[in-house]
Amino acid sequence: MQPPPKHRRRGLSPPLSLLGLVLALLAPASQAQAQLQALACLIQPSQVAEVGSAVIGVVQTLEVDRGARVRKGQVLATLRSDVERASAEAAESRAKSLGELRGAVAALDLAELRRDRARQLKDENFVSTQALEQAEAEFRVARERVSQVREALRTATREVNASEAQIAQRTLRAPFDGVVVERYANLGERFEDKALFRIAAISTLRVELVAPMPLFGRLKVGQKVQVTPELPGAAVRTASIAQIDQVLDPASNTFRLRLDLPNADGSLPAGLRCQADLGLAGPTQAPAAAPMNGAAAR
C-alpha cells in the first residue's frame, strides 16, 4: 500500500494552528480582565502631623508615649513656663487691684464738690475768679486721673491675656484624633525647631492607587471600591473614591486615585499594601478567527 502524499500529512496541522491562534488572542484579554479586577494599592493615614512648639523651651512633662491614642486638644507635653507664670500672676494682681481706682474716684468727688462750692461763692462774690479757675482745674486733673487708672487696669487685663497665651504656647496639644507614631522628646531636653511628636489620623484611612488610562472616565467620585488588605485575617473593606487626578502621567499612561476607607474602630493599621477591586471587569468577547483553508477542508 502506497503512503499518502506529503501534502495530505501536512493537512493535519491547520486545526492545531487555529487553536493556538485563539488561545493567543484570548490570553491578552484574560490578562487585561485580571488587571481591571484588582489593582495594587497602599493604605496610608488620612493625616500626619509633626507636632512642635511655637517657642523655644525645655520639656517639663510628657503625657503620652509612642502608640498612645489621643483625642483632639489632649495635652501631649508641657515646656517649662516659670517666668511666664510669674508674669501672669503679677499682671493678674495689677488687674484686680482696685485701691488706686477707689482713691482716684474719691479725689474726683472731692474736686467736684470744691468746684461746685467755688461756683456758688463766686456767684455771691465771696471768692475771686482765680479761686474758681483753680477749683475747676483741680476737678479736671482728678477726672483725668480716674481715666488713667481705669486705662491702667484695662492694660493689666490685656497683659494677663497675653501671659496666658504665652503659657498656652508652652502646652502641646493634639491637633486631631489619632495615634502617636513617634515621640522625639525626652524630659529636660531643649527644643527649638524640631518636632516633639508625630501623630497620624487612622479613623479614616487613605488608599492610594494608580490606574491605567483606559479606566479614565469610567470611575466617578463617590463610587464604591472593594479593598483587600494584605494582612492575615483582615476582611475585605468597602472604600469610596474621594479624588481622581485630572492630569495623566504620559510616561506610564496612568493616573492616580485616592480612596477614603472608614476605620472608626482602628482595627486596620496604616502602611499596608492592598488590592483594590474596581468592579469594572466585564466579560471579554473573544475575537472571531478567520477560517483557514485547511480547517474548512476538514
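A quick note: this is a predicted structure, and the numbers were derived from the prediction, not measured.

**Q** So what's going on with the overall build of the protein chain? Which residues, and what values?
**A** On a plain count of helices and strands, the protein chain comes out with 6 helices and 12 strands. Within the protein chain, counting contacts between residues at least 6 apart in sequence, those at least 24 apart form 76% of the total. Of the accessible surface of the protein chain, which amounts to about 19000 Å², a share of 52% is contributed by carbon and sulfur atoms.

**Q** Go over the packing of aromatic side chains, please, and point to the residues and values.
**A** Counting across every chain of the model gives 1 aromatic pair. Look at Phe216 and Phe255: their rings are 5.1 Å apart centre to centre, the planes differ by 85°, and that puts the pair in the edge-to-face class. Separated by 39 residues along the polypeptide, Phe216 in the loop between β8 (195-212) and β9 (224-229) and Phe255 in strand β11 (residues 254-262) bring together distant segments of the chain. Residue class for Phe216 comes out partly exposed when judged on its relative accessible area of 33%. Here Arg115 stacks its cationic end above the ring of Phe139, 4.2 Å away from the centre of that ring. Across the ring face of Phe191, the terminal group of Lys194 is positioned such that the distance to the ring centre comes to 5.2 Å.

**Q** Lay out helix α5 (residues 129-169) in plain terms, naming residues and giving numbers.
**A** For α5, with 41 residues, the first-to-last C-alpha span of 60 Å sits near the 60 Å given by 1.5 Å per residue. All buried positions along α5 are accounted for by Leu132, Ala135, Phe139, Ala142, Val146, Val149, Leu153, Ala156, Val160, Ser163 and Ile167. Where α5 is buried, its residues touch α3 (82-96), α4 (99-123) and β5 (171-173).

**Q** Can you lay out the state of the cysteines for me, pointing to particular residues and giving the numbers?
**A** Scanning all chains against the criterion turns up 1 disulfide. Each sulfur in the disulfide pair Cys41 and Cys274 lies 1.9 Å from the other. Here Cys274 lies in strand β12 (residues 273-277) and Cys41 lies in strand β1 (residues 39-52), a separation of 233 residues in the sequence. Given a relative accessible area of 1%, Cys274 falls into the buried group.

**Q** Could you give me a rundown of unusual backbone geometry, with the residues and numbers involved?
**A** The backbone of Asn125 shows a phi angle near 60°, a positive value even though the residue is not glycine. You can see Asn125 is positioned in the loop between α4 and α5. Asn125 sits in the exposed class, given a relative accessible area of 65%. Of note in this structure, Asn253 is not a glycine but carries a positive phi near 60°. With respect to the secondary-structure elements, Asn253 resides in the loop between β10 (237-244) and β11.

**Q** Tell me about the sheet that holds strand β4 (residues 75-79), residues and numbers included.
**A** The strands making up a sheet associate through hydrogen bonds between their backbones, and the pairing can be parallel or antiparallel. Spatially, 4 strands are ordered β5-β4-β2-β7 in an open sheet, and the strand pairing comes out antiparallel. Either end of the sheet is taken by a strand with one partner, and the two such strands are β5 and β7 (190-191). Here β4 runs beside β5; their pairing, made up of 3 bridges, is antiparallel. By the bridge assignment for β5, Val75 is matched with Arg173.

**Q** I'd like to hear about the packing of α3 against α5, residue by residue, with values.
**A** For the pair α3 and α5, interaxial distance at closest approach is 8 Å and the crossing angle is 155°. In terms of orientation, α3 lies roughly antiparallel with respect to α5. Where α3 crosses over α5, the handedness of that crossing is left-handed. Across the interface between the two elements, Glu84, Arg85, Ser87, Ala88, Ala91, Glu92, Arg94 and Ala95 of α3 pack against Leu153, Ala156, Thr157, Glu159, Val160, Ser163, Gln166 and Ile167 of α5. Class assignment for the residues of the contact of α3 with α5 results in 7 nonpolar, 4 polar and 5 charged.

Calculation notes
- Residues numbered from 1 in each chain as written.
- Predicted model: local features only at pLDDT ≥ 70, side-chain atom pairs only at ≥ 80, totals over all residues.
- Heavy atoms only, no water.
- Helix = DSSP H or I, 4+ residues; strand = E, 2+ residues; numbered from the N terminus.
- Contact = heavy atoms within 4.5 Å.
- Areas by Shrake-Rupley, 256 points an atom, 1.4 Å probe, with all protein chains shown as cover.
- Phe/Tyr/Trp six-rings, centres within 6.5 Å; stacked < 30°, edge-to-face > 60°.
- Buried < 20%, exposed > 50% of the residue type's maximum accessible area, 1.4 Å probe, protein only.
- Lys NZ or Arg CZ within 6 Å of the ring centre and 35° of its normal.
- Expected span 1.5 Å × (residues − 1).
- Disulfide = S-S within 2.5 Å.
- Pairing = 2+ DSSP bridges.
- Axes fitted to C-alpha atoms, helices over the stretch in contact; angles between N-to-C directions.
- Parallel < 35°, antiparallel > 145°, perpendicular 65-115°, else oblique.
- Left-handed = near helix turned anticlockwise from the far one by under 90°.
- Nonpolar A, V, L, I, M, F, W, Y, C, P; charged D, E, K, R; others polar.

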